[in-house]
Amino acid sequence: MRIGVGYDVHRLVEGRRLFLGGVEIPFEKGLLGHSDADVLLHALCDALLGAAGMGDIGRHFPDTDPQYKGIASLQLLAKTSQMIQKTGSVVNNVDATIVAEAPKIAPYSDSMRENIAKILNIDHNSINIKATTAEGLGVIGAGDAIAAYCVVSVRSG
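Owing to the predicted nature of the structure, the values given are computational and were not obtained by experimental measurement. (Residues numbered from 1 in each chain as written. Predicted model: local features only at pLDDT ≥ 70, side-chain atom pairs only at ≥ 80, totals over all residues. Heavy atoms only, no water.)

Q: Could you clarify how one ought to interpret helix H1 (residues 39-51) in this entry?
A: Note: α-helices contain 3.6 residues per turn, so residues at a spacing of three or four share the same orientation. Compared with the 18 Å implied by 1.5 Å per residue over 13 residues, the 18 Å span of H1 between its first and last C-alpha is a close match. In terms of burial, H1 is a largely internal element, twelve of the 13 residues being buried. Where H1 begins, the side chain of Asp-38 points an oxygen toward the backbone nitrogen of Leu-40, at a separation of 3.2 Å. One or two steps after H1, the chain reaches Gly-53, where phi turns positive at roughly 65°. (Helix = DSSP H or I, 4+ residues; strand = E, 2+ residues; numbered from the N terminus. Expected span 1.5 Å × (residues − 1). Buried < 20%, exposed > 50% of the residue type's maximum accessible area, 1.4 Å probe, protein only. Polar contact = N/O pair within 3.5 Å; in protein donor to acceptor, adjacent residues only side chain to side chain.)

Q: What is the right way to look at the pairing of strand E1 (residues 2-13) in this model?
A: Side-chain positions along a regular strand alternate between the two faces of the sheet. Relative to strand E7 (residues 145-156), E1 runs antiparallel, the two being bridged by ten bridges. Paired with Arg-11 across the bridge in E7 is Ala-145. One ladder, built from two bridges, connects E1 with strand E4 (residues 30-31); its direction is antiparallel. If you follow Val-13 over to E4, its bridge partner there is Gly-30. (Pairing = 2+ DSSP bridges.)

Q: Before we go on, may I ask you to explain the packing of helix H3 (residues 73-86) against helix H4 (residues 106-120) in this structure?
A: A pair of packed helices is captured by two measures, namely the crossing angle of their axes and the spacing between those axes. For the pair H3 and H4, the least separation of the axes is 9 Å and the interaxial angle reads 35°. The element H3 and its partner H4 pack so that their crossing is right-handed. Of H4, the residues touching H3 (which contributes Leu-74, Leu-77, Ala-78 and Ser-81) are Asn-115, Ile-116, Ile-119 and Leu-120. (Axes fitted to C-alpha atoms, helices over the stretch in contact; angles between N-to-C directions. Left-handed = near helix turned anticlockwise from the far one by under 90°. Contact = heavy atoms within 4.5 Å.)

Q: What is the right way to read the nonpolar core from this model?
A: Taken as a class, soluble globular proteins show a tendency for nonpolar side chains to be buried jointly. Leu-20, Leu-44, Leu-48, Met-112, Ile-116, Leu-120 and Ile-146 are the most contacted members of the largest nonpolar core, which has 45 residues in total. If you list the elements that add at least two residues to this core, you get strand E2 (18-20), strand E3 (23-25), H1, H3, strand E5 (89-99), H4, strand E6 (127-132) and E7. The element that contributes the greatest number of residues to this core is H1, accounting for ten residues. Membership of the second largest hydrophobic core comes to five residues, among which are Ala-134, Ile-140, Ala-145 and Ala-147. (Core = buried A, V, L, I, M, F, W, Y, C linked by side-chain atoms within 4.5 Å.)

In structure tokens form, the structure reads like this:
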């Protein structure tokens with residue numbers, strides 16, 4: 001059994017769509033990034049890569065590579081999942097926390113879990129997504145960014 005931890009944060013800006021867990025969430029701002037900037041899926045990719053001892057998301061999907069410009073992070077997760085499967089590893093569970101002052105995450109968390117479960121080929125009940133605020137502190141508390149933390153466990157096949 002191996003454990004991986006991931007973290008990501010992106011600034012909120014006008015003129016971008018907001019994606020979290022592969023779900024488009026209606027909001028006046030979106031996350032700034034080379035891809036769709038889905039912090040939850042980026043943290044998950046990092047956690048999976050970490051559990052497999054394969055580095056991080058920037059190593060495999062650099063923001064300097066034009067092929068990843070605007071890419072849906074669900075595609076990055078699918079590529080990461082394929083890399084993990086090639087090592088013979090199987091994902092046991094995912095536990096994630098999204099940190100945002102707004103929007104409310106709860107109405108979308110089941111859809112996020114379904115998206116992730118489908119790509120990782122695990123039961124959606126093996127995925128837990130929580131949300132919290134930064135209580136008005138820092139860049140996240142000011143409503144200028146969203147962050148995500150993720151922990152995964154994998155077992156060798």
